Amino acid sequence: MVVVDASAIKAAAAATSATYRSFADATRSVLDMLERHLPDAVLYLAHLDRGQFIHRIVDARNGGGIGLRSNFAVPLGDAFCSHMAEDRAPRLCDDIDKQPVYSRLAMQQRMAASSYLGVPLELSDGTRVGSLGALSREYCAFEPADEQLFTMLARVLASELERESNERDLRRFNDMLRDQARGMGAIGRVARALAGADDARTAVCEAACEVAGAPVAFLLEPSGREFVSTAMAGVEIAPVTIQPRSDQPAGPGRAFTSKETYFIADARTHPALAAPLVEATGARSAVFEPVLRDGQVAGVLIVVWQVPLEALPDAPAGVLRLLAAQAAVAIEHAALRERMESLALTDPLTGLVTRRVWDEELPRELARARRGDSPLAVAGVDLDHMSAFNMLRGEREGDRLIKETASRWRSELREVDLLARLEGTEFGVLLPGCGLGEAVEVLDRVRAATPRGQTASAGVARWDGEEPAELLVARCQDALAAAKESGRNVTIAAD
């Protein structure tokens, strides 16, 4: 029989006033102290998991002989501590074989103990979440003084557990508030972009990076059977193209067909992300967030992490869905702007006529040439290496270059000539009364006027007097493509 002396009470008092780094530190200190005072007993701290109905050992001392060790678990109903904590059996039992509740337990059949002592870890709301216990193969191994000591130490552990839990909950709450504030701030910036005149799709990608803590994001939209990036953030590369296949079991095809979030833990070998894209972005994990519009897929928001993640974090998941909804609005606004621009007569950047005027004027010029039996040449001119220029100087400088170029080129043409901005950096030129040779000279002069040391390529075709406008333009486009393929900064005449 072990008698708890004054030194044990003194040690318990010290434990009560001590400061611990963590609950685990407090547990080790308490069990170490109990081991010094009860060297022959098996000592342990257990977690009473009522949700999973499991009694699990958190830490133990001297339990190797009976198999009692950390993480050892038994059903809650088979454990001494469950019955003790529910006040259905005594906390101090000198002869387990004479206590019907304890003697029939599966834990007793395994341990073959003679004495048991246990006290619950009780939180401030009365919830009993664990137990501080001792077992011995000696009869009458524990006394009431031991129970008092265990009770004092159990209060120390319960207090430390509650403090640590409260601190953890507070950190989680603060993290949640911070994530929500960051998410709402990002959504607010996208909302302001949507309310403005600029394209908000890039703002959506930037917001997705911010809320997800990821360096790269893309917005892709359907283009025929492919999905092509229309905006990106965190990386400057050529437009991304993905071709989802019907036989592809995972990846963007699944994201589009199921209309659900699709997370990729390891993006390095996943079929959803091609190797060049993985290499360019350093992707390790990614998420595909479908952008839905009227119940149909209008695009997909792809967020890329450069560190591996096991699962999509809960905090940004909801915000990404909100951003996807904003992306749908941004896509709709972009489509409306493109529609309005196609209906406009004058290009707002250059002041030149638009494709709409070009498409209306070309048949009229063909009719005039037919009536007057006069030549007519059509040309397509495109600035060279504009993607590189925008990447190095920025899109705003790129717009200024396009505006200056339009002004310089227009000054090289006659009043009767028509210069139109067709799309992006591509321009169309109508040259009434010009033969093919003269038209090539005009286009060379126009290209030479390109400002800022930049160059341009041109393709020119002479109307044969019979062909429809569509075929004439197609020959002109083929010549322009040939000029680009030959090395650029040249005028090529169509056959």
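Residues numbered from 1 in each chain as written. Predicted model: local features only at pLDDT ≥ 70, side-chain atom pairs only at ≥ 80, totals over all residues. Heavy atoms only, no water.

## Quick look at the overall build of the chain
The cut-off we apply is this: A run of H or I in DSSP counts as a helix once it spans at least four residues, and a run of E counts as a strand once it spans at least two, with each numbered from the N terminus. The quantity called the radius of gyration is restricted to C-alpha atoms. Its globule counterpart is 2.2 Å times the number of residues to the power 0.38. Three labels apply to residues, based on accessible area from a 1.4 Å probe with only protein chains included: buried if under 20% of the type maximum, exposed if over 50%, partly exposed otherwise in between. Every residue pair with non-hydrogen atoms within 4.5 Å of one another is taken to be in contact. Every accessible area reported is derived by Shrake-Rupley at a probe size of 1.4 Å, with residue values counting cover from the shown protein chains alone. Here the positive residues are Lys and Arg and the negative ones are Asp and Glu; neither His nor the chain ends is included. Charged side chains are reduced to one point each, which is NZ for Lys, CZ for Arg, CG for Asp and CD for Glu.
Counting its secondary structure elements, the chain contains 15 helices and 17 strands. What you see for the chain is a C-alpha radius of gyration of 39 Å, clearly larger than the 23 Å of a compact globule of 495 residues, by over 25%. Dimensions along the principal axes, computed over C-alpha positions, put the chain at roughly 125 × 45 × 40 Å. The buried share among the 495 residues of the chain stands at 47%. Of the contacts made within the chain by residues no fewer than 6 positions apart, 59% connect residues no fewer than 24 positions apart. Put simply, the chain shows about 24600 Å² of open surface, and 51% of that area lies on carbon and sulfur atoms. Each charge class in the chain can be summarised by its mean position, and for the 56 positive and 71 negative side chains these summaries are 1 Å apart.

## Section: the nonpolar core
Here is the rule we go by: By convention a nonpolar core is built from buried Ala, Val, Leu, Ile, Met, Phe, Trp, Tyr and Cys residues, the set being connected through side-chain atoms within 4.5 Å.
By size, the foremost hydrophobic cluster in this structure holds 33 residues, and its most contacted members are V291, V303 and L323. Of all the secondary structure elements, the ones that give two or more residues to this core are α6 (144-195), α7 (201-212), β7 (216-223), β8 (226-233), β11 (285-293), β12 (296-305) and α10 (314-343). If near-sequence neighbours (up to four positions away) are discounted, L323 is found in contact with I187, V190, V204, A207, A208, V211 and L301. If you look at the next biggest cluster of nonpolar residues, it comprises 28 residues, including M33, A41, L132 and F142.

## Focus on the pairing of strand β14 (residues 418-423)
The criterion, for reference: Paired strands, as defined in this entry, are two strands with at least two bridges between them according to DSSP.
Burial within β14 is extensive, with 5 of its 6 residues counted as buried. Sheet analysis places β14 next to strand β15 (residues 426-432), joined by 5 bridges and oriented antiparallel. Bridged to A420 within β15 is G428. The turn linking β14 back onto β15 is made up of 2 residues, and G424 within it adopts a positive phi angle of 60 degrees.

## Overview of the sheet that holds β8
Going by this rule: Between N-to-C directions, angles span 0 to 180 degrees; the directions come from axes that are lines fitted to C-alpha atoms, helices contributing only their stretch in contact.
Spatial ordering of the open sheet is given by β9-β8-β7-β12-β11-β10, a layout of 6 strands whose pairing is antiparallel. In this open sheet, the two strands that pair with only one neighbour each are β9 (241-242) and β10 (262-264). As paired elements, β10 and β11 share 3 bridges and run antiparallel to each other. Its bridge partner lying in β11, Y262 is registered against F288. Strands in contact with α7 are β7, β8 and β12; relative to β8, the strand with the most contacts, it is inclined by about 70 degrees.

Note that every value here comes from positions in space, so none of it alone points to a role or purpose.
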